[in-house]
Amino acid sequence: MVIVDNVIVSDEFINARFCCHLARCKGECCVAGDAGAPLEPEEVGLIEENIEEIKPYMRPEGIEVIENNDVYDYDERGALVTPLVNDEECAFVYFHENGTALCAIEKAYLEGKIDFWKPISCHLYPIRLIEKDGFIHVMYHEWSVCVPAKRKGEKDGIPLYKFLKGPMIRRFGEDWYERFVKQLRIKNEE
């Protein structure tokens, strides 16, 4: 493991090879599962502020869910998550003509309609951040829907921490990321 500030990075994350392969998985991580994507409290406000700009990219089923409930829900532990349509896909999912699940929030961002990219948990996936005892634990969440991404990452030799460089900088900052990579180099030299 590597520790930088109050962030503990697991060896599983450090050693993983990964590169999303949407052509193979079709965005299944946005559709399958038992709860929506984890949300930070401030992200709920950002989604609420931008919902009118996000709605044009959403499916009617997703709009109905957020209008009848809200832009967030709670998982079985009481943590904030995105709401689901029929206990399946995220309410913010829309489907490309080829069947790939994509994010309406991200689409609004990429088209310059909003300044919020998407929930950080989605951006960082397949890692999950777990806060415990004053530390943030960076954990690699292995899931069968990501087997194509693991294979592509292994084939192309892409470490997960490099694949997620942008999202990690978004969450922890560029200085933190540079110190993390430096710690990895030191660890590998030992």
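Let us look at the structure shown here. Keep in mind the model is a prediction, meaning the values are calculated, not measured. (Residues numbered from 1 in each chain as written. Predicted model: local features only at pLDDT ≥ 70, side-chain atom pairs only at ≥ 80, totals over all residues. Heavy atoms only, no water.)

**Digging into the sheet that holds strand β7 (residues 127-132)**
Backbone-to-backbone hydrogen bonds join strands into a sheet, with any given pair of strands oriented parallel or antiparallel.
Then, number 1: Across the sheet, 4 strands lie side by side as β1-β2-β8-β7; this open sheet has mixed pairing. Looking at strand neighbours, the two that pair on one side only are β1 (2-4) and β7, the edges of this open sheet. Neighbour-to-neighbour, the strand axes of the sheet open up by a mean angle of 25°, direction not taken into account.
Then, number 2: By the bridge criterion, 3 bridges tie strand β2 (residues 7-9) to strand β8 (residues 135-140) in an arrangement that is parallel. Pairing of Ile8 across the sheet is with His137, part of β8.
Then, number 3: In the packing of helix α10 (residues 174-189) onto the sheet, the strands contacted are β1 and β2, and the crossing angle to β1 comes to about 150°. (Pairing = 2+ DSSP bridges. Helix = DSSP H or I, 4+ residues; strand = E, 2+ residues; numbered from the N terminus. Axes fitted to C-alpha atoms, helices over the stretch in contact; angles between N-to-C directions. Contact = heavy atoms within 4.5 Å.)

**Re α10**
Then, number 1: Over its 16 residues, α10 runs 23 Å from end to end, which matches the ideal 22 Å to within 8%, given 1.5 Å per residue.
Then, number 2: When α10 is considered as a whole, its buried residues turn out to be Trp176, Tyr177, Phe180, Val181 and Leu184. For α10, the angular spread of the buried residues around the axis is 135°, confining them to a single face. Opposite the buried face of α10, at more than 90 degrees from it, the exposed residues are Lys182, Arg185 and Glu189. (Expected span 1.5 Å × (residues − 1). Buried < 20%, exposed > 50% of the residue type's maximum accessible area, 1.4 Å probe, protein only. Arc of directions from axis to C-beta.)

**Notes on the pattern of salt bridges**
Then, number 1: Considering all chains together, one arrives at 11 salt bridges under this definition.
Then, number 2: One salt bridge connects Lys152 with Asp156, and the closest N-O pair in it is separated by 3.1 Å. Pair noted here: Lys152 and Asp156 are both in helix α7 (residues 147-156), with a separation of 4 residues, about one helical turn.
Then, number 3: Classification of Lys152 by relative accessible area gives partly exposed; the value is 26%. (Salt bridge = Lys/Arg side-chain N within 4 Å of Asp/Glu carboxyl O.)

**A short note on the packing of aromatic side chains**
Then, number 1: Applying the stated criterion across every chain yields a total of 9 aromatic pairs.
Then, number 2: Here Tyr161 and Phe180 contribute two aromatic rings whose centre-to-centre distance is 5.8 Å and whose plane-to-plane angle is 85°, an arrangement assigned as edge-to-face. You can see Tyr161 sitting in helix α8 (residues 160-163) and its partner Phe180 sitting in helix α10, a full 19 residues away along the chain. Both residues of the pair, Tyr161 and Phe180, belong to the buried class.
Then, number 3: These aromatic residues form a ring-pair network of at least three members: Phe13, Tyr161, Phe172, Trp176, Tyr177 and Phe180. (Phe/Tyr/Trp six-rings, centres within 6.5 Å; stacked < 30°, edge-to-face > 60°.)

**A closer look at unusual backbone geometry**
Then, number 1: Cis geometry marks the peptide bond from Tyr125 to Pro126; its omega dihedral reads 25°.
Then, number 2: Mapping Pro126 onto the fold places it in the loop between α6 (120-124) and β7.
Then, number 3: Of note in the backbone geometry, Asp5 takes a positive phi value of approximately 60° without being a glycine.
Then, number 4: In this fold, Asp5 is placed in the loop between β1 and β2.
Then, number 5: Positive phi, close to 50°, is recorded for Asn86, a residue that is not glycine.
Then, number 6: When you line up the elements, Asn86 lands in the loop between β4 (80-81) and β5 (93-95).

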